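Architecture and fold: a report
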Amino acid sequence: MGDRANTHSDPAKRAAELRDALRRHEHLYYVLDAPEISDTQYDALINELKRIEDAHPDLLTPDSPTQRVGGKPADGFKKVRHSRPMLSLDNAYSAEELADWDRRVRDLAGNLPVEYTTELKLDGLSVALRYEPAEKDGARLTTGITRGDGQIGEDVTTNIRTIRSVPLSISAETLKKAGLPQGFEVRGEVVMPEAAFLLLNEEREQQGLPPAVNPRNAAAGTLRTLEPSIVANRRLAFYAYFLLVDGEYWPQGQAATLDALTTLGFRVNPHRGRVDSVDDMMRFIDAAEAKRATLGYEIDGVVLKVDSHAAQLRLGYTGRAPRWAIAYKFTAKSGITQVRAISVNVGRTGKLTPVAELTPVFIGGTTVSRATLHNADFIERLGLLVGDWVRVERGGDVIPKVAEVIEDADHPRGTVRFAFPKVCPECQSEVVRVEGEVDYRCVNVDCPAKLRESLLHFGRRGVMNIEGLGDAVVQQLLDRGLVHSVADLYALTEEQLAALDRFAEKSAHALFEEIKKSKQAGLARLLMGQGVRFVGERTAELLAQEFGSMDALAAASAEELERVEEVGPRISQAILEFFAQPANLALIQSLRDAGVIMTAEKKQRSSQLSGLTFVLTGTLPTLTRDEAKKKIEDAGGKTAGSVSKKTSYVVAGEEAGSKLDKALQLKVPVLDEAGLLALLASPSALH
Ligand code: IVH
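As for the overall build of the chain
- For the chain, the count of helices and strands is 26 helices and 26 strands.
- The dimensions of the chain, computed from C-alpha atoms along their principal axes, are 85 × 80 × 50 Å.
- Burial statistics for the chain: of 687 residues in total, 48% are counted as buried.
- Within the chain, counting contacts between residues at least 6 apart in sequence, those at least 24 apart form 66% of the total.
- Split by element, the accessible area of the chain, about 33800 Å² in all, is 50% carbon and sulfur.
- Across the chain, the centroid of the 86 positively charged side chains sits 3 Å from that of the 97 negatively charged ones.

A word on the sheet that holds strand S12 (residues 299-306)
- The sheet built from five strands is open, its strands ordered S2-S13-S12-S3-S11 with mixed pairing. Each edge of the open sheet carries a strand with a single partner, namely strand S2 (90-92) and strand S11 (272-275). The mean angle between the axes of side-by-side strands here comes to 30 degrees, regardless of whether they run parallel or antiparallel.
- Here S12 runs beside strand S13 (residues 325-329); their pairing, made up of five bridges, is antiparallel. Counterpart to leucine 304 in the pairing with S13 is isoleucine 326.

Describing helix H26 (residues 673-681)
- Those residues of H26 that sit buried are Glu673, Gly675, Leu676, Leu679 and Leu680. One face of H26 carries all of its buried residues, which in axial projection span an arc of 160 degrees. Those residues of H26 that are exposed and angled more than 90 degrees off the buried face are Ala674 and Ala681.
- As for H26, its buried residues are in contact with strand S23 (613-617), helix H24 (625-634), strand S25 (649-652) and strand S26 (670-671).

Quick look at the packing of helix H4 (residues 95-109) against helix H11 (residues 278-291)
- For the pair H4 and H11, the least separation of the axes is 10 Å and the interaxial angle reads 135 degrees. Classified by the angle between their axes, H4 and H11 sit oblique to one another. The chirality of how H4 crosses H11 is right-handed. Counting all contacts with H4, which are made through Ala95, Leu98, Ala99, Trp101 and Asp102, the residues of H11 involved are Val278, Met281, Met282 and Ile285.

Some remarks on the pattern of salt bridges
- As enumerated under the stated definition, the model contains 37 salt bridges in all.
- Taking the shortest distance from any N to any O, the salt bridge between glutamate 437 and arginine 533 comes out at 3.3 Å. Highlighted residues: glutamate 437 in the loop between strand S21 (431-433) and strand S22 (440-442) and arginine 533 in the loop between helix H18 (523-530) and helix H19 (537-547), separated in sequence by 96 residues.
- A single salt-bridge network, built from bridges that share partners, covers Arg14, Glu17 and Glu48.

Rules of the game
- Just so you know, the residues in each chain are numbered from 1, in the order the chain's sequence is written.
- Only residues with pLDDT of at least 70 are given local features in this predicted model, and only at 80 or more are side-chain atom pairs given and counted; all residues enter the totals for whole chains, interfaces and linings.
- In computing side-chain properties, one takes all heavy atoms of the structure into account and sets aside hydrogens as well as water.
- Counting from the N terminus, the helices are the DSSP runs of H or I reaching at least four residues and the strands are the DSSP runs of E reaching at least two.
- Whether a residue is buried, partly exposed or exposed follows from its accessible area with a 1.4 Å probe, protein chains only, as a fraction of its type maximum: under 20%, in between, or over 50%, in that order.
- Residues are treated as being in contact if the distance between any of their heavy atoms lies within 4.5 Å.
- Where accessible areas are quoted, they stem from the Shrake-Rupley method and a 1.4 Å probe; at the residue level, only the protein chains shown are allowed to cover.
- His is not counted, nor are the chain ends; Lys and Arg add positive charge and Asp and Glu add negative charge.
- Every charge is mapped onto a representative atom, which is NZ of Lys, CZ of Arg, CG of Asp or CD of Glu.
- Two strands are said to pair when DSSP picks up at least two bridges between them.
- Orientation is described by lines fitted to C-alpha atoms, with helices fitted over the stretch in contact, and by angles between N-to-C directions that extend from 0 to 180 degrees.
- Throughout, the arc means that of the directions going from the helix axis to the C-beta atoms.
- Roughly parallel covers angles under 35 degrees, roughly antiparallel covers those over 145, roughly perpendicular covers 65 to 115, and oblique covers all other angles.
- Helix crossings get a hand from a simple test, with the near helix turned counterclockwise from the far one by less than a right angle marking a left-handed crossing and a clockwise turn marking a right-handed one.
- Just to be clear on terms, a salt bridge is a Lys or Arg side-chain nitrogen sitting within 4 Å of an Asp or Glu carboxyl oxygen.

Take a look at the structure:
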């Protein structure tokens, strides 16, 4: 970041500097996976740039790193015709099929030498990104288009911009290095990494929404979201694999294309190779399959492409696919088995989940005897009857799923239509389906299944974190009538625990200590433990920080609740309803009586003052210089020894000397101690 003092007087120059630095750091982080600065430092840079752009709107450029997030919601997507059709690929499923293809390729290529590039087949959706000459020099991203029907796609530029591994602009120098003109098109795959997918489904579950089926659907749905800030949060990734100039493929061949894309700053999948025999293709394929589970994103095969452009031209196209490329598809590990029954699980919130009880079948190394059916709609969509034969798949992941109903001479259809129960299978009270929701719920507050699941949830990692409070223990505690609510956990004695089946004294002691320790988990975790609908980890944390105590939260109005980031009417309503239930208030009281902490340490949000530089001068009335400095730094601000134009605030006390004069001269805002404290309490008050 260097010395900024001498450039600060020229906001245009500083903005340009910041943009360059941010682009470099984005590339290091998102493309090369090798960050040089911390997230906080990155935030400080982007905040500084935002401030300059706010103060000088004329300096704002559409390719500025500040423009990735928070774009305006679109009101639909424009249709755009592709510069050349986005075709599909023919598939092969075996070495024999690859050998056939290789023979055809070599026949048609005649005297042209044939080599292949091998790439992973990423399970996402393909998009085309157009770059056009930027105002001064270089190129900038102008349009991002989905594949659509291959001829016409949808303009999803605002959403594409939020993907950090997509360069918004490319310098003239870089273009020169890659040997490209200012206008070109990049094609590749948008994928949702597994971690982002899991997070998304956790959120959806908390919101009472059905889970997204797989990362590809989730990525496709995300790209078609009309709210770019949502897209920005979903952390999509883009891997580039084609480069087109004037609607023609880059003439230097596929391997050189991938190199050029790397030079341009795109993320190119590192698992690639060059082969010239079917044996080597199979070696690459086997290695890819072996890596599949640990990649962190889904792949469904390997793509083989004839490397040379001359050979590609000679081979040409069939109607739907190039003859010069083929997809080797992994076959999902699947098995066929019979659905013996459909049972229904009751969750902590009373949600009823149908589960297929299967005749055990051995798939991909494990015996599968149950598979989730998600909800009534899912069963409906499959058209599943009890007694049906189904194909159960285990993909790269662990959870088996019912892929389809089989119907042929050997596998006659079942006969019994599954009727979703009208009463809870655990407590026989009525179940309801809330208008607009897919799930049925048991609404009995005393449902034993809910208690069991609540106890399990309460003890989970990330909630109250009580190690050792697993299925078997909880079931015994319930069977022995030792607990009737989560608060009863705190009344358990070591002797009671030691008396449980298969419990040694040592583990009883450990569990006892774990339960005791959990009293200190703090308000946010306790809120999660209560299972307030829609309140997940992040919301719980924000609520705890804002209100500081259970009492303050319980007393908050809808309006006050909605002042918290991420809390809208739906969440505020759920919180109000939660605190309106006498049973919940009684439980909170019991927890309080048991000594469970009901407050949160109000943490300083460390990015509060990020990007701001303070100079302290003179003697403050109550804080020492070091205390003031620590407070500023804890909140993400910086302190400096001397005043310059880049100083955000001077904090002046008694007998402030030349630094105060300098501040006045440079028109740097001056705060007293009270002003500093006010800024720390609410940074928006003064900006
Ligand atoms: S080449 C005309 N390369 O697979 C060439 N496609 O089944 C088609 N895909 O629509 C694209 N990884 O969405 C190519 N390394 C890769 C790929 C890849 C995934 C997808 C792409 C395409 C589909 C065809």
